Protein chains: 2
Amino acid sequence: MTHTVDSTNTDSAPRSAPQGDEVEAIDSELDASARITKKPGGGADARRATTNDVVVARTDVEWLGRYLLGTWADVRIGARALTAKPEMQRIEGQSLEEHRERVFGQLKLLVENGQVHRAFPESIGGADDHGGNIAGFEELVLADPSLQIKSGVQWGLFGAAVLHLGTDYHHQTFLPAIMSLDVPGAFAMTETGHGSDVAAIGTTATYDEDAHEFVIHTPFRGAWKDYLGNAAVHGTAAVLFAQLITKNVNHGVHAFYVPLRDAVTGEFLPGVGGEDDGLKGGLNGIDNGRLHFDHVRIPRENLLNRYGDVAEDGTYSSPIASPGRRFFTMLGTLVQGRVSLDGASTAAAKVALTIAITYGNERRQFTAGSDTDEEVLLDYQLHQKRLMPKLATTYAASFAHEQLLTKFDQVFSGEADSDDDRQDLETLAAALKPLSTWHALETLQEAREACGGAGFLAENRLVGLRADLDIYATFEGDNHVLLQLVAKRLLSDYSRRFANADFGVLARYVVEQAADKTMNGSGLRSLAQTVADFGSTARSVGQLRDASAQRQLLTDRVETMVGEVAAKLRPAAKLSKKGAADLFNLHQSEIIEAARAHAELLQWEAFTEAVDGPTGQASGMDDGTRVVLTWLRDLFGLGLVEKHLAWYLMNGRLSPSRARAVGLYTERLSARLRPHAQDLVSAFGYGPEHVRAAIATGAERERQTEAREYYRAARAAGTLPAPEKKPARTR
Amino acid sequence: MTHTVDSTNTDSAPRSAPQGDEVEAIDSELDASARITKKPGGGADARRATTNDVVVARTDVEWLGRYLLGTWADVRIGARALTAKPEMQRIEGQSLEEHRERVFGQLKLLVENGQVHRAFPESIGGADDHGGNIAGFEELVLADPSLQIKSGVQWGLFGAAVLHLGTDYHHQTFLPAIMSLDVPGAFAMTETGHGSDVAAIGTTATYDEDAHEFVIHTPFRGAWKDYLGNAAVHGTAAVLFAQLITKNVNHGVHAFYVPLRDAVTGEFLPGVGGEDDGLKGGLNGIDNGRLHFDHVRIPRENLLNRYGDVAEDGTYSSPIASPGRRFFTMLGTLVQGRVSLDGASTAAAKVALTIAITYGNERRQFTAGSDTDEEVLLDYQLHQKRLMPKLATTYAASFAHEQLLTKFDQVFSGEADSDDDRQDLETLAAALKPLSTWHALETLQEAREACGGAGFLAENRLVGLRADLDIYATFEGDNHVLLQLVAKRLLSDYSRRFANADFGVLARYVVEQAADKTMNGSGLRSLAQTVADFGSTARSVGQLRDASAQRQLLTDRVETMVGEVAAKLRPAAKLSKKGAADLFNLHQSEIIEAARAHAELLQWEAFTEAVDGPTGQASGMDDGTRVVLTWLRDLFGLGLVEKHLAWYLMNGRLSPSRARAVGLYTERLSARLRPHAQDLVSAFGYGPEHVRAAIATGAERERQTEAREYYRAARAAGTLPAPEKKPARTR
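Residues numbered from 1 in each chain as written. Chains lettered and ligands numbered in written order. Predicted model: local features only at pLDDT ≥ 70, side-chain atom pairs only at ≥ 80, totals over all residues.

We now examine the overall build of chain A. A count of helical and extended segments in chain A gives 27 helices and 12 strands. Among the 731 residues that make up chain A, the fraction classed as buried is 57%. Excluding contacts between residues fewer than 6 apart, the proportion of contacts in chain A whose partners are at least 24 apart in sequence is 76%. (Helix = DSSP H or I, 4+ residues; strand = E, 2+ residues; numbered from the N terminus. Buried ≥ 20, exposed ≤ 12 C-beta atoms within 10 Å, placed from the backbone. Contact = placed C-beta atoms within 7 Å.)

Residues and elements named next belong to chain B. Helix 24 (residues 656-673) packs onto helix 12 (residues 381-413) with a crossing angle of 90° between their chain directions and a minimal axis gap of 9 Å. Taken together, the axes of helix 12 and helix 24 are roughly perpendicular relative to one another. On the side of helix 12, the interface is formed by Q381, Q384, K385, M388 and P389, while helix 24 contributes T666, E667, S670, A671 and L673. (Axes fitted to C-alpha atoms, helices over the stretch in contact; angles between N-to-C directions. Parallel < 35°, antiparallel > 145°, perpendicular 65-115°, else oblique.)

With that out of the way, let us pick up the pairing of strand 3 (residues 213-217) of chain A. Residues and elements named next belong to chain A. The pairing of strand 2 (residues 204-208) with strand 3 spans 5 bridges and is classified as antiparallel. The partner of T206 across the bridge, within strand 3, is V215. Counting the residues in the hairpin turn of strand 2 and strand 3 gives 4 residues, including H212, whose phi is positive at 55°. Pairing between strand 3 and strand 9 (residues 296-299): 4 bridges, direction antiparallel. Bridge pairing links I216 to V296 in strand 9. (Pairing = 2+ DSSP bridges.)

The operation relating the pair of chain copies consists of a rotation about an axis and a translation along that axis. In the superposition of chain A on chain B (RMSD 0.0 Å, axial shift 0.0 Å), the rotation amounts to 180°. Such a turn and shift between the copies fits a two-fold axis. Of the C-alpha atoms belonging to chain A, the one lying closest to the rotation axis is found on A:A646, 2.1 Å away. Interface residue correspondence from chain A to chain B reaches 100%, placing this contact among same-surface, isologous pairings. (Least-squares fit on C-alpha atoms with pLDDT ≥ 70 in both.)

Residue and element names in this part refer to chain A. Pairing within the open sheet is antiparallel, and its 3 strands lie in the order 4-8-7. Only two strands of the sheet have a single partner each, and these edge strands are strand 4 (225-228) and strand 7 (272-276). For this sheet, the mean inter-axis angle between neighbouring strands, taken without regard to orientation, is 25°. One ladder, built from 5 bridges, connects strand 7 with strand 8 (residues 289-293); its direction is antiparallel.

So, about the environment of A:V562. Residue and element names in this part refer to chain A. Turning to its location among the elements, V562 is positioned in helix 19 (residues 547-569). Exposure remark for V562: the 23 C-beta atoms within 10 Å place this residue in the buried category. C-alpha separation for the pair V562 and S413, spaced 149 residues apart in sequence, amounts to 33 Å. Residues in contact with V562, not counting those within four places in the same chain, are L490, L491, Y494 and A594.

Before going further, it helps to spend a moment on the sheet that holds strand 7 (residues 272-276) of chain B. Residues and elements named next belong to chain B. Strand order in the open sheet formed by 3 strands is 4-8-7, with antiparallel pairing between adjacent strands. The open sheet terminates on both sides in strands that have one partner only, identified here as strand 4 (225-228) and strand 7. With strand direction ignored, the average angle separating the axes of adjacent strands in the sheet is 25°.

Below, the discussion takes up the interface of chain A and chain B. Counting residues at the interface gives 102 residues for chain A, matched by 102 residues for chain B. Here the element with the most residues in the side of chain A that touches chain B is helix 20 (residues 577-586) of chain A; it accounts for 8 residues. Looking at the side of chain A that touches chain B residue by residue, the class counts come to 44 nonpolar, 34 polar and 24 charged. Two strands pair when backbone bridges link them, and strand 6 (residues 249-259) of chain A and strand 12 (residues 722-723) of chain B are joined in this way by 2 bridges, in the parallel orientation. When the bridges of strand 12 of chain B are listed, A:V249 appears paired with B:A722. (Nonpolar A, V, L, I, M, F, W, Y, C, P; charged D, E, K, R; others polar.)

Here we take up unusual backbone geometry. All names here are of chain B. In this model, D128 sits at a positive phi of 50°, which is unusual for a non-glycine residue. Although it is not a glycine, N248 sits at a positive phi angle of roughly 60°. Within the element layout of this structure, N248 appears in the loop between strand 5 (237-246) and strand 6 (249-259).

Residue and element names in this part refer to chain A. Close contact between helix 13 (residues 419-450) and helix 16 (residues 479-497) brings their axes to 8 Å; oriented N to C, the two are set at 145°. For the element pair helix 13 and helix 16, the recorded crossing hand is left-handed. The residues of helix 16 that touch helix 13, namely those facing T427, A430, A431, K433, P434, T437 and W438, are N479, L482, L483, L485, V486 and R489. Its residues placed into classes, the contact of helix 13 with helix 16 shows 8 nonpolar, 3 polar and 2 charged. (Left-handed = near helix turned anticlockwise from the far one by under 90°.)

Turning to the environment of B:I471, a few remarks are in order. Here B:I471 is to be found in the loop between helix 15 (462-469) and helix 16 (479-497). Overall, the presence of 27 C-beta atoms within 10 Å leaves B:I471 in the buried class. Here B:I471 is in contact with A:F456, B:G282 and B:L283, once residues within four sequence places are set aside.

Shown next as structure tokens:
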């Protein structure tokens, strides 16, 4: 199915009304952009090599849909078919208990369906398919986010910890029952007193040399394990993280396999206790709870000993000498949680926009330009401004996620799993997960408000998805903490590049160089000049639309911010620990902002790569689709510049007049993309069985048609009461 | 109770670490600001008249608490006592049915308690106390937002419509049973097809001259009444809005009293039908539903005929000749809904910050500057940046609400109820309600995330309040539609000022004048100059801190934006209806942004008035409290400038270097206010019985103390296992 829309005719913004030179200039520039032909890349050269063949902007929905499905298309299609089954879907309004039991039952269906074992070794019935496993898993969010997360707890955390932190004994002994759900389990890492700071947890596992056992103990209330899925009701075992102590030395956090409950009675085993976390803001299909341990003994062999072991006599050994590196290596094996949240959040944003854009295309409100016909909501500029940039960001997040998933698969399949690869993967996940989880919340909220009162009804799903996804912003790593990790990586890369130079000098150098590059580089030669003549808006704007100009603006910002922060933090090396911490704290916001800028750039690069298709994947893209996707990428890229416009102005990277053009440009791009909005959400590939929102079924269009027909017929029949005449003189 | 904190000692930002000239300059400026003595106003003069008497910044919590209670302090205190009773409070996790019944029961308790009749006339048992009525009503949000809104439906909408749109017959006939809740009723305005555009509703009320009856009819599905509280279950009558048709003329929307259900059986009366809206994203204690009517007949007398009447023979008459003005006059009587949402949202933001700041002051995470002690969350710069500006905005919204409520009381009591007064009230409500409802949602979300996983538990209330308040952004007038109303008022005021001049010329004139004023006015003489010498940051920043400079920056932005938009819309007068609508649409975002800027200015003015106390009310404010509140106001004002920094830069109102100082300044203000954060939320006056969040009870402090004591004792006893030695050589 291919919808063809000639953008030059259906642009929702009026051509007839006087618009001012600036708007006209931008519109001509956009018209010109549709003349980019054949040559992929869409940069300045391509435009200069213009012919007069006008490419009609249109979206090949079928092709784009397949393209978006990515590498693991078949797995995704299979998972979507599964989520289309009513028995896998959320029933709104169930009680806590009903919802928990339903989701637990759905987990059993997943097992029967063979959906959840892809990531496990072939030797025990898995498929060693890491990327495919995550791709299928994240699609479950559309059935019910509780199902996604509860299966993630069971197989992605509990099972994956046994797989990645344990060795052959553990795989043979524990994995079969985990895979089959005979042993539902908790992932007991977080404590009431410690969330993101896992290294500081209080629970201890002390080795008893005489008994050859570990003694698991909770020393104080803050060390209770907390917020654990499967802990309140269903879990009969846990992978528990505790400080490993042997021979009176604390070797840091390690993971242990710990039985929790009697499988028959469901009663806690001796020494184990706990509490139900009760009702939550969402995800109530999951039985989160608290656990505590009073000198609970487990066999020595229950230490998941891949990265650290204790011999019978209590001697500790590890293949990784550095305790710090060992800790991060262990945590690194669990990165898939972050990867899958990135994908699931993006899927939720896609559904939110499918709902809001479908409704916005059918719902009418207020007569503006006519005496009788009300306007469709999406024809209002503000409505476009609220939804179109979110659509662009969703595409960016989707393409960026595909890259993350590919990287993840390469590392976990062993195809490319050097230390550097693992660190790159962790940094990429830490950068993208915050952006996509926040984006999903913002998009769900904007969609909810854009649908008015209808958006508030559970039957339209936006509120339920938002409630469930709320916690995605702070679990599997608080978003701000993750961005701080990214920033530390950026700073250490930066310092490695200039290892032997004086930082202050270097930072100035880099800033100057970046500024120089920006102002004198080929793409942005005159960016910092004041464009006094507004007649030149078209040309200045054309430069901004170049992919290379966008890249330079976004890259320059990251590099400059990192360089500035590095220079400011340089004195820390000579300060006390307290002084250094204070200095770091004084610049914490800047540090995190630099990381965010880096993550945005990653999304932009992924989008650009997807449009340009250097991998050849995009080779089937027709020219019309490329025009639409390029506009969408431009909206994303210039939207980022607009969001950070004050920075570009303060740092002399954009002149005031050019900065004004940025905002006008994103507005016109939104208007230009408006006729393609429905196609662009159709390409997400979610059918009514996935969207399941009463207002996105065409019902609103039927209601509007019926209403308009009623008035039309009454006017035709002369039965419509006349409006009251206005009085001759109103005050 | 007065907490005294010497800000010069406890500023959380380090003095010892190197901070750079800019930070030092700002800190000195802030030190100097604490030397403002005696003289209220805190402007440049006061500072120049500095003595060496240092005023210790501190908050007189008791005084400030009383001050915040405002004019209707006694009513608020009474209402808070009522919301402290468990039987009035929400029970989390109830089913839809249980919750609905509970809230309906609570409405009866309100009646018994005499809480809900203040706004009704003394002649029928009320108190004619309009401001007090709203003040008490909005406090109910802390018991359960469903209780607030359901009582709002019954007495603030259904009852108020009978009161304000009806005449003596209706007051005598219907009000007693409404007041006593013997007749629970719906306010049947919104339709499935029409939310904010009330004028276009489809339901008709056609006068039958023979029967002396109105015939209420729903002509098509889109004209079903929708989202109506009390419609799904409890309502036995409704005030229904419909197009009044008599003698084949449509006189526009009027209100009718329409019986819905048999009071005994609860069954719909003949011709009436409906549906349950079912589960919603929040407010599930209210039975929202849909209604439709099939030629339902009501007596002629059931027309609420204050602003429009139909004689027995079908002749229509109205005291207001213009149909448009009549319509807006009728709707205007219902402004109290918006007023009360403004107050309730602000109350919810106060509780959210009480929870997040209390927890942020107790919760520790990560050791930064120490080997053993973890940092309190609120000592992190980012945590301050996330919460302190929200605290400042909450104060601004609170003071602005007090002004709105006062204006409302003056109009409705008849003390000052000219047409201009009513229009001012409506504009003020339309400006403030969007800002405060969005602010509440953002604050609840930021508080939720700042509390991590604990914030997601229902027991900590943030998620529940957010879910309930979500709809506040779009009901009683969609926020964007309200801002558009404000903008139209700003534009019409503007055009009235220059009624006979050519707009294009004038707009340019105004812009130039504003720019001139900004750049050459006394307070901001050198604002637009490049401050090349960073040593002057202190002085340039000192100017920004002047109340008059903030006012000028904020006012200038509103005036410039309005002037620019007016000039751009000027050609509309000469265009077709379609052309004019298109032109308006092309600038819709700017129009709404101008309205938002105006509303922010109103909040800032209210805050400033409250600090300066020109009314004398603030006369009891001690100097220490004034220093703290002035910092808080500065954080709000400069926060607004920071938020719109790109505008100030693009329009030459701030130089790049001064713009940089703004961001640094708000950061330092947040740090400076950090030691006062707990006092500032204490002054909101909500006790544990109102806050009811497990994490804000001091439980976290106990847990942290226990954990630290455990480690301290173990270290002292030498029983704490030693950390693993780092290897001699790590890779």
